[in-house]
Structures are given as structure tokens and as C-alpha cells.
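The residues making up each chain are set out below.
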Amino acid sequence: MNFIKSLRELFLNLLFPRRCPVCDRPVAPFGSLVCASCEQTFTYIEQPYCLKCGKPLTHEEQEYCHDCGVHRHLFDRGLALYQYQDVSDSLYRFKYKGRQEYAAYYAFCMALRCRAFIAGCHPDALVPVPIHKSRCHQRGYNQAERLARELSALTGIPVAADLICRVRKTAPMKELSAQERQNNLKRAFKICRNDVKLDTIIIIDDIYTTGSTIDAMSLELRKAGVKRIYFITLAIGRGV
């Protein structure tokens with residue numbers, strides 16, 4: 001069965017070559033997740049970064065970004081791989097242009113970079129940020145779930161995509177202020193299981209900006225009995 005699956009994947013890759021998440025050309029050498037010449041293009045966030053949300057900080061003596069210093073978030077802690085401006089073009093193609101294959105490279109980088117963080121969390125499940133069913137139908141997939149499933153394949157941590165759903169179609173968050181984001185997400189999520197038997201979860205998403213989405217999910221998850229809530233995102237905005 002694995003041999004047949006491998007042949008099928010090879011055939012599909014020959015017909016529809018995997019695209020590089022950096023340059024978007026067919027990956028070279030064939031079979032790789034990223035072009036050899038593009039491998040070092042994306043640079044990871046390095047310390048100092050916020051001890052709560054992972055945003056890069058300007059000064060080493062800082063412990064928290066301005067947002068986490070003045071606002072109480074409902075999650076425990078989170079990490080991100082890249083600054084948003086460094087990977088924005090790649091994430092746009094991943095999210096809106098059907099480049100689902102990027103998820104394999106992103107998840108590989110997540111597993112590598114966040115290995116100690118993931119091990120320290122001892123998660124029961126990975127929970128992708130859900131999108132409304134109408135948006136999923138329009139896009140064809142949920143990019144956060146694609147990420148979570150690729151990360152699950154590398155770590156062995158199960159995906160709980162049916163734990164929480166988005167029941168209200170919210171407005172696009174890109175141009176909204178922090179307060180508008182919070183209002184936009186009120187009653188947007190709902191727990192989909194009658195009995196939640198998870199103590200610790202890691203929420204998976206593509207971008208963290210103000211934390212409104214993670215907080216809105218965390219509110220419902222804590223009411224359902226989840227005790228520890230962490231997150232990992234691909235990209236994050238800069239702290240102040």
C-alpha cells in the first residue's frame with residue numbers, strides 16, 4: 001500500500017511539480033520541499049522576543065511586547081517562526097492562491113524550530129484555527145488545518161480539527177483595529193464536542209497579529225475545560 005501511495009505521489013509530482021514556497025518556481029532539486037538556492041531566504045525570529053506571544057522585541061531587557069504588557073491574553077504562551085513582512089508574499093499564495101504544498105515545508109520548519117517548545121507543552125492535540133464553512137468552500141481548504149496535519153505527521157501529535165468551529169462569518173481582519181478585531185470575533189466560535197477530554201492543546205495558525213483570534217478561541221476552550229492553551233504560528237507582527 002505504501003509503495004502504491006509513493007508511486008501515486010511521484011506521478012502527481014511529475015504532472016504537477018511542487019512549487020517552492022519562496023520563489024514559487026518548481027522546486028529544484030526535484031523532490032525537495034524548497035529550492036536549494038532559496039533555503040536560507042526565510043530567517044527565523046531570534047531573541048529577544050516576547051515571553052508571552054513571541055513577537056520580536058527591540059531591547060534585550062524587555063520581557064513582553066507592548067500589547068502583552070497592557071492586555072491580558074487568555075492563552076498561556078505562543079511562538080512564531082517568521083516576521084510577517086519577510087514571508088508575506090509566500091503566505092498570500094499559500095492562503096489564497098491554492099499553494100497547499102507549501103504546508104509541508106512550513107510544518108518541517110515548525111517541527112525543527114519549535115521542537116523544544118512543543119515537547120515542553122506536552123500537548124494532547126493540535127487545534128487548527130477554523131474558518132467559516134462558506135470561506136472554506138470558496139478557498140477549497142483551511143490553510144491552518146493543512147499546517148496542523150503536516151505538523152502532526154512529523155510529531156505524532158493528533159489533530160483535533162472537530163473540536164471548535166467558526167459559526168459566524170467574520171469580516172476580514174487585515175484592516176481592522178485591535179478593538180474592531182475583538183468585536184468582530186464575539187461569539188464567532190463554538191465548541192463542537194459534547195465532552196472535551198483535552199487538558200493541553202496547541203493552536204495552529206498562519207499569522208498572529210493582535211491575538212484576538214487566539215483569545216476568542218481560548219475563551220471557548222477554557223469554558224469547555226481545556227486547562228493549558230499554547231499556539232504556534234508561521235508569522236507574527238513586530239512588537240514595540
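Above this text sits the structure in question.
These remarks concern the structure in this document.

**Side note on the environment of Ala216**
Stage number 1. With respect to the secondary-structure elements, Ala216 resides in helix H9 (residues 212–223).
Stage number 2. Taking relative accessible area as the criterion, Ala216 reaches 15% and is therefore assigned buried.
Stage number 3. Note: C-alpha distance between Ala216 and Phe75 (141 residues apart in sequence) is 9.6 Å.
Stage number 4. Ignoring anything within four residues of it in the chain, the contact list for Ala216 reads Leu185 and Phe189.

**Examining the packing of helix H4 (residues 102–113) against helix H7 (residues 143–155)**
Stage number 1. With their axes 8 Å apart at the nearest point, H4 and H7 run at an angle of 55° to one another. The angle between H4 and H7 places the two elements in the oblique class. As for how H4 packs across H7, the hand of that crossing is right-handed. Residues Ala103, Ala104, Tyr106, Ala107, Phe108, Met110 and Ala111 of H4 pack against Arg146, Leu147, Glu150, Leu151, Leu154 and Thr155 of H7.
Stage number 2. For the contact of H4 with H7, a count of residues per class yields ten nonpolar, one polar and two charged.

**Re the packing of aromatic side chains**
Stage number 1. Enumeration over the complete set of coordinates arrives at nine aromatic pairs.
Stage number 2. Each ring, one from Phe94 and one from Tyr106, has its centre 5.1 Å from the other, and the planes form 80°; the classification is edge-to-face. Highlighted residues: Phe94 in helix H3 (residues 84–96) and Tyr106 in helix H4, separated in sequence by twelve residues. With respect to class, Phe94 is no different from Tyr106; both count as buried.
Stage number 3. Each residue in the set Phe42, Tyr44 and Tyr82 is aromatic and connected to the rest through ring pairs, giving one cluster.

**What to know about the pattern of salt bridges**
Stage number 1. Scanning the model with the defined rule gives eleven salt bridges in all.
Stage number 2. Across the salt bridge formed by Glu46 and Arg113, the nearest N and O atoms sit 3.0 Å from each other. You can see Glu46 sitting in the loop between helix H1 (2–15) and helix H2 (66–70) and its partner Arg113 sitting in helix H4, a full 67 residues away along the chain.
Stage number 3. Accessibility expressed as a relative area gives 36% for Arg113, which makes it partly exposed.
Stage number 4. Residue Arg146 is joined to Glu150 by a salt bridge in which the shortest nitrogen-to-oxygen separation is 3.7 Å. Taken together, the residues span about one helical turn, with Arg146 and Glu150 both in helix H7 at a distance of four residues.

**Some remarks on the nonpolar core**
Stage number 1. Formed by 69 residues in total, the largest nonpolar core has its most connected members in Cys53, Ile201, Ile203, Ile204, Leu221 and Ile232.
Stage number 2. At eight residues, H4 tops the list of elements feeding residues into this core.
Stage number 3. Contact partners of Cys53, with chain neighbours within four places excluded, come to Cys65, Cys68, Phe75, Gly78, Leu79, Tyr208, Phe231 and Ile236.

**Observations concerning a nonpolar patch on the surface**
Stage number 1. On the surface, Phe108, Leu112 and Leu154 cluster together to form a nonpolar patch covering roughly 280 Å² of accessible area.
Stage number 2. Looking at Leu154, the relative accessible area reads 48%, which means it is partly exposed.

**A few points about the pairing of strand E5 (residues 200–208)**
Stage number 1. Counting buried residues in E5 gives eight out of nine residues, a clear majority hidden from the surface.
Stage number 2. As defined by bridge partners, strand E2 (residues 125–128) adjoins E5 across four bridges and the pair is classed as parallel. Across the sheet, the residue bridging to Leu126 is Ile202, located in E5.
Stage number 3. In the sheet, E5 pairs with strand E6 (residues 228–236) via eight bridges, with the strands oriented parallel. Along E6, the bridge assignment pairs Tyr208 with Ile236.
Stage number 4. Between E5 and its parallel partner E6, the chain crosses via H9, and the hand of that crossover is right-handed.

**Notes on the packing of H3 against H4**
Any two packed helices are characterised by how steeply their axes cross, that is the angle between the axes, and by the distance between the axes.
Stage number 1. Two elements in contact, H3 and H4, have axes whose closest approach is 10 Å; the angle formed by their N-to-C orientations is 125°. Looking at the two axes, H3 sits oblique to H4. In this structure, H3 uses Ser90, Leu91, Arg93 and Phe94 to contact H4, whose residues at the interface are Tyr102, Ala103 and Tyr106.
Stage number 2. Residue classes in the contact of H3 with H4 are distributed as five nonpolar, one polar and one charged.

Conventions adopted
Position labels on residues start from 1 in each chain and follow its written sequence. A pLDDT threshold of at least 70 governs which residues receive local features in this predicted model, and a stricter bar of 80 or more applies before side-chain atom pairs are shown or counted, although totals over entire chains, interfaces and linings include all residues. With hydrogens and water stripped out, all remaining heavy atoms of the structure feed into the side-chain values. Secondary structure elements follow DSSP: runs of H or I no shorter than four residues count as helices, runs of E no shorter than two count as strands, and numbering proceeds from the N terminus. Each residue is placed in one exposure class: buried if its accessible area under a 1.4 Å probe, protein chains only, is under 20% of its type's maximum, exposed if it is over 50%, and partly exposed if it falls in between. Residue contacts are counted whenever heavy atoms from the two residues lie within 4.5 Å of one another. In this description, a line fitted to the C-alpha atoms serves as the axis of each element, helices being fitted only across the stretch in contact, and the angle between N-to-C directions of two axes falls anywhere from 0 to 180 degrees. Just so you know how the angles are binned, under 35 degrees is roughly parallel, over 145 roughly antiparallel, 65 to 115 roughly perpendicular, and the rest oblique. For a crossing to be left-handed, the near helix must be turned anticlockwise from the far one by less than a right angle; the clockwise case is right-handed. Three categories are distinguished: nonpolar for Ala, Val, Leu, Ile, Met, Phe, Trp, Tyr, Cys and Pro, charged for Asp, Glu, Lys and Arg, and polar for the others, with Gly belonging to the last. Pairing of aromatic rings covers Phe, Tyr and the six-membered ring of Trp, with a centre-to-centre limit of 6.5 Å; geometry is then stacked below 30 degrees between planes, edge-to-face above 60, and tilted otherwise. Salt bridges are defined by distance alone: a side-chain nitrogen of Lys or Arg within 4 Å of a carboxyl oxygen of Asp or Glu. The definition of a nonpolar core used throughout is a set of buried Ala, Val, Leu, Ile, Met, Phe, Trp, Tyr and Cys residues joined through side-chain atoms within 4.5 Å. Residues enter patches when their relative accessible area tops 30% and they take part in no salt bridge; the joining distance is 9 Å for like charges and 5 Å for the nonpolar side chains Val, Leu, Ile, Met, Phe, Trp and Tyr. Here the Shrake-Rupley method, with its probe set to 1.4 Å, supplies the accessible areas, and only the displayed protein chains count as covering residues. Strand pairing is assigned whenever DSSP detects at least two bridges linking the two strands. Here, the term right-handed applies to a crossover whose path from the first strand over the helix to the second runs clockwise when the strands point away from the viewer.

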